[in-house]
Amino acid sequence: MGTVIMHNVVSVDGFIADEHDDVGPLHEWYFSGDTPITEGGDQQYDHSGAGSGFKVSRASAEYVRSMWESIGTIVMGRNLFDLVNGWEGHPPAGDHVVVVSHRPKPEGWHPEASYHFVDDVTAAIDKARELAGQRVVAVNAGEVGGQILAAGLVDEVAMDVVPVVFGAGKRYFGGIDGQLLLEDPHVVIQGDRVLHLKFKVRRQAPRQ
């Protein structure tokens, strides 16, 4: 069964967007280098939104490319789905997407796309693992990601930390309540205007 990784670009004070879902300078590092993340120009959907694709530092490209290639399924919340319209049925990585939502898929929305709408975080991870097989399940951070982490369903936390302070906004861990421990980072990669970190989630000993 594949690893479940909670992942997002984040400010140094822990925000993934401002109060209006604007990511501000958080994604500027995607365009600050000279090395493409994806090879070839046959993508049907421009996830960069810039018409030129992502170009990052060589260190970031190697890290991001290997991570994207490992993903089988993305898990996202309904808010992000609505903001990006589900990337028009073309996820940036992986072959499947599970959307945690109490509302069904919009009628007629890209019927060919492997997008599955589930109203419970545990069921969402079960479905994502089934679809991903031995590949990684990538969970977008935020409210849904925080709920999945709090439920003990996340194996690793990955953060692309950008040197900016937001002060307020949408938190990486959402409204998570209580304390959770992570292991020391087993991945630390310095890119251009970004620091890539990965932590394993420390499993709590069962109470006697």
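So, how was this worked out
Residues numbered from 1 in each chain as written. Predicted model: local features only at pLDDT ≥ 70, side-chain atom pairs only at ≥ 80, totals over all residues. Heavy atoms only, no water. Helix = DSSP H or I, 4+ residues; strand = E, 2+ residues; numbered from the N terminus. Buried < 20%, exposed > 50% of the residue type's maximum accessible area, 1.4 Å probe, protein only. Contact = heavy atoms within 4.5 Å. Core = buried A, V, L, I, M, F, W, Y, C linked by side-chain atoms within 4.5 Å. Salt bridge = Lys/Arg side-chain N within 4 Å of Asp/Glu carboxyl O.

(A) Seen up close, the side chain of Ser-57. You can see Ser-57 is positioned in the loop between strand S4 (55-56) and helix H1 (58-70). Under the relative-accessibility criterion, Ser-57 is labelled buried at 16%. Discounting residues that sit within four places of it in the chain, Ser-57 has contacts with Gly-33, Thr-35, Gly-191 and Asp-192.

(B) Spatial organisation of the nonpolar core. With 32 residues, the main nonpolar core has Trp-29, Tyr-30, Trp-68 and Tyr-115 as its most contacted residues. Breaking this core down by element, the ones donating at least two residues are strand S1 (4-11), H1, strand S5 (71-77), strand S6 (96-100), strand S7 (115-118), strand S8 (136-140) and strand S9 (156-162). If you tally residues by element for this core, the top one is H1, at five residues. Those residues in contact with Tyr-115 that sit more than four places away from it in its chain are Phe-81, Gly-86, Trp-87, Gly-89, His-90, Pro-91, Val-97, Val-99, Lys-105 and Trp-109. Judged by nonpolar contacts, the second largest core, of 28 residues, contains Val-98, Val-100, Val-121 and Val-144.

(C) Spotlight on the pattern of salt bridges. Considering all chains together, one arrives at ten salt bridges under this definition. We note a salt bridge from Glu-130 to Lys-127, for which the minimum N-O separation is 3.7 Å. With a gap of three residues between them, Glu-130 and Lys-127 both fall in helix H3 (residues 121-132), about one helical turn apart. Judged by relative accessible area, Glu-130 falls into the exposed class, the value being 57%. Via salt bridges that share partners, Arg-78, Asp-82 and Arg-103 belong to a single interconnected network.

Keep in mind these values describe shape, not function.
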